[in-house]
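Commentary on secondary and tertiary structure
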Amino acid sequence: MPRRTVAAAVVAALAVVTLSTATPAEAANAATLTSGVAFSYIKDANGCSSNVADFSDSPATPLGFDGTPVTTSWSGNATLTKKSGDTGDQVFLGAAAHGTVVGRSTAGSPSSIDVDGTVTTTVTSTRANSACSAFTLGSMRAQGTVELSAPMLVTIDVESDSGVGVEAAAGPLQVTTRNLAGRQSGTALVPAGTMPFLARISQQHSQPPAPMPSTWTGGAQVHITLTTPGSQTVPAKGKAASYVALPAARSCASHAVTPSVVAKKKKAKKIALVTYYVNGITVRKVKKPKKGAVVALPVADDEGAEVRAVVRLVQKKKGPQHRKELEVTASYAACSG
Amino acid sequence: MPVVTSVITALVAVPPASAEPVHDATLTSEITFVGSGSCTRSGPGDRTVGPVGVVADGQRHASGASSSARATAPSPNTDDTTDLSASSDTTYTATQVAGVLSSLDVSVEMAAHLVASKGAANTCNTRAQGQSLLDLSFDLPAPRLVTVTVAAAGRVRGRASVTDSSGRVADITAATGPSTIRSQTVLPAGTSELHLEGFIVLDPPSPGSPQPADAAGSAHTTVEVQTPGVATSETSLGRASTYVDLAPARNCAGASLAATWDKGAGKGDHRRVKKAVFTVNGAKVATVKKPKRKQVTTLAGLPSGPIEVVATLKPFKKRDHKRNPDVVTLTRSYLPCQ
């Protein structure tokens, strides 16, 4: 295990250097997609030689923020042969990386980046323990910058299986995982300016492959979103929409959402009771509200808010079976991380 | 997923010799003033407090360091001085249940101060740093869901890293808050390690890069150790829980969940529920018609991530039960299995 850990650090460093020199200078709202493979082994006189180059990368594909999926794929195979002594000692390494990225925009500004990557590697050999001390690495990477004209609420979500390592970053949020299945998620309020982002999904596979299978596949997804703080993320919907207006945005300055009762007196008089819920919890009840009545429902800045107004209409007949309740719901982004 | 299974099996096969809730657990606070070049340093200077032992006794413990320094440029420019100070104060509470770490709460308050007499023209180019490092190992008797949340406020960085017994890692960082980041992973039985870090740095002003005289902030980290797949919340609308019970834990190995019909569901000709629909994360997974009491409905093929299960029941209408609502629901959320 220590041997692998050291080797992993070395190859990670090498891969980063190679990839970053291949990337052109990045402009605002610019991103590229690449994938690559690497082969590592002992090269001294008692070590091995390879039939191919140690590193190879796909051409960089530009990523637009127009909703079009962009893909990258790269694969390679290497045959390593011991230089001296037991020249029948051979290792066959194969790596294939594939990635799909979708960038989307809202009103001309990037609003989301969705990255889905898979890597498959194969390690076989003529000897149970080769003197080559070899491993292969396959990776895909999406990297770029987005220009924020105003502070934005940025989220990052990573979900990976135990077959890959992930490096993901969006502004001040960073995630690094190595073969530990799970999920990571973060939120930050990022100031206006240039925000770099990165999603790199990779797999490293050594000889001997155990306890992993000879052919091993892993994958991960990285999602980055950019939302105006406090903006509506799900528009108002429901039968009570004509009785209670849920605002187009929550107020981050006053830490509140302010719904209002319909401005028409005739319609407002039909309302017996309005119950306001924030994230499923009753926050306010208003009996017989006046037309245009506004309430301020407090919401913590670092939470998204699902606001629901349940309107009980004035009953025409007595009895609970004649009770009529309508509701309207809208959701808002958090104001901070 | 045969890969995962084989890995987990391999790990379960090496339980710790003697399990301890936390061990090799230390907290270190460090103040460093970095990079004076040819400048002379005076004052207390770099300071390290710790490593002090960290214990899981459910009590609040505190440790911290603060220091200051002055960097002075060599003669004849001795009026070019930089005054620096920094502090890092950590409080933590580690709790164990039945000899296993159950939760950890760590707060690091950090501050840094820097005044250069020559402003951006200073030549000492010295920065002030404050850091808190908490390391601990913890033993798990069985796989556990470990949720780590780091919240940073102000000009600081908070970082948390979890490493399981075979060197698999999840590492998260939140900086320049308000920002929050969370990691949720199932760690195998055996010894895992946790590394938490709070960090502040204040650079001296330089041409084109002005700096404030003061920076401050906090990094708050929580760690929760839970059994994978257990229920976290339950809401019953219209007394749906009189008809059906959703199990207090899902079956992680079988990717299933049992819903048991109660006495309220009736039997024979007196069944009360016409139809029941079960959804998992909004997708329909099962439909049951006229269930009877003691019947068990198994929801199978569940995803391994967090789930919210909703049972929507349509009770039979009865002439004398006009108050009965049309639809009643039972909602229960469960922790991830992986």
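Residues numbered from 1 in each chain as written. Chains lettered and ligands numbered in written order. Predicted model: local features only at pLDDT ≥ 70, side-chain atom pairs only at ≥ 80, totals over all residues. Heavy atoms only, no water.

A short note on the sheet that holds strand S20 (residues 281-287) of chain A
All names here are of chain A. Our working definition: Note: two strands are recorded as paired if DSSP finds a minimum of 2 bridges between them. Numbered from the N terminus, helices here are DSSP runs of H or I no shorter than four residues, and strands are runs of E no shorter than two. Note on definitions: angles span 0 to 180 degrees between N-to-C directions of axes, and those axes are lines fitted to C-alpha atoms, for helices only across the stretch in contact.
Strand order across the open sheet formed by five strands is S15-S23-S22-S19-S20, with antiparallel pairing between neighbours. Taken across any chain shown, the strands that pair with only one partner, and hence form the sheet edges, are strand S15 (232-237) and S20. With direction set aside, neighbouring strand axes in the sheet form an average angle of 15 degrees. The pairing of S15 with strand S23 (residues 325-332) spans three bridges and is antiparallel. Bridge assignment links Lys-237 to a residue of S23, and that residue is Thr-329.

Observations concerning the sheet that holds strand S19 (residues 296-299) of chain B
All names here are of chain B. Judged by pairing direction, the sheet is antiparallel, and its three strands sit side by side in the order S15-S16-S19 without closing on themselves. If you trace the sheet from one side to the other, it starts and ends with strand S15 (244-246) and S19, each paired once. Averaged over neighbouring strand pairs, the angle between their axes works out to 20 degrees when direction is ignored.

Here's the deal with the confidence of the model for chain B
Should pLDDT be low for a region, the predicted coordinates there are not to be read in detail. Residue and element names in this part refer to chain B. The cut-off we apply is this: Values of pLDDT, which run from 0 to 100, indicate the predictor's confidence residue by residue. Residue contacts are defined here by distance: any two heavy atoms, one from each residue, within 4.5 Å place the two residues in contact.
Overall, the predicted model of chain B reaches an average pLDDT of 88, with 92% of residues at or above 70. Within chain B, strand S9 (residues 157-163) carries the highest mean pLDDT (97), whereas helix H1 (residues 2-12) carries the lowest (38). Across residues 1-17, confidence stays below pLDDT 50; counting only partners more than four residues off in sequence or on other chains, it has 19 contacts. For this predicted complex, the interface confidence comes out at an ipTM of 0.84, alongside a pTM of 0.84.

With respect to the state of the cysteines
Defined as follows: The term disulfide is used for any two cysteine sulfur atoms that are within 2.5 Å. Burial classes follow relative accessibility: with a 1.4 Å probe on protein chains only, a residue under 20% of its type's maximum area counts as buried, one over 50% as exposed, and anything between as partly exposed.
Per the counting criterion, the structure on display carries four disulfides over all chains. For Cys-48 of chain A, the disulfide goes to Cys-132 of chain A, at an S-S distance of 2.0 Å. Its S-S torsion of approximately -90 degrees makes the covalent link between Cys-48 of chain A and Cys-132 of chain A left-handed. In this pair, Cys-48 of chain A is assigned in strand S2 (residues 48-50) and Cys-132 of chain A in the loop between strand S7 (109-125) and strand S8 (135-148), connecting sequence segments 84 residues apart. Bridging Cys-39 of chain B to Cys-124 of chain B, the disulfide has an S-S length of 2.1 Å. Where Cys-39 of chain B bonds to Cys-124 of chain B through sulfur, the torsion about that S-S bond is close to -100 degrees, and the disulfide is left-handed. A residue pair is termed long-range when its members are at least 10 positions apart, and Cys-39 of chain B in the loop between strand S1 (23-34) and strand S2 (40-42) and Cys-124 of chain B in the loop between strand S6 (100-116) and strand S7 (127-140) qualify at 85 residues. Each of the two residues, Cys-39 of chain B as well as Cys-124 of chain B, counts as buried. Ordinal numbering of bonded cysteines along chain B defines a disulfide pattern of 1-2, 3-4. Once the bonded cysteines of chain A are numbered in order along the sequence, the disulfide links fall as 1-2, 3-4.

A word on the packing of aromatic side chains
Defined as follows: Any pair of Phe, Tyr and Trp rings, taking the six-membered ring for Trp, is counted once the centres come within 6.5 Å. Such a pair is stacked with planes under 30 degrees apart, edge-to-face with planes over 60 apart, and tilted for the rest. In this scheme, Lys NZ or Arg CZ marks a charge over a ring once it lies within 6 Å of the ring centre and within 35 degrees of the ring normal.
Enumeration according to the criterion identifies one aromatic pair over all chains in this entry. Taken together, a centroid distance of 6.2 Å and an interplanar angle of 75 degrees make the contact between Trp-261 of chain B and Phe-278 of chain B edge-to-face. Remark: Phe-278 of chain B occurs in strand S17 (residues 273-280) and Trp-261 of chain B occurs in strand S16 (residues 257-261); sequence separation between them is 17 residues. The class of Trp-261 of chain B is buried, set by a relative accessible area of 1%. Given the relative accessible area of 0%, Phe-278 of chain B is considered buried. Across the ring face of Tyr-277 of chain A, the terminal group of Arg-308 of chain A is positioned such that the distance to the ring centre comes to 4.3 Å.

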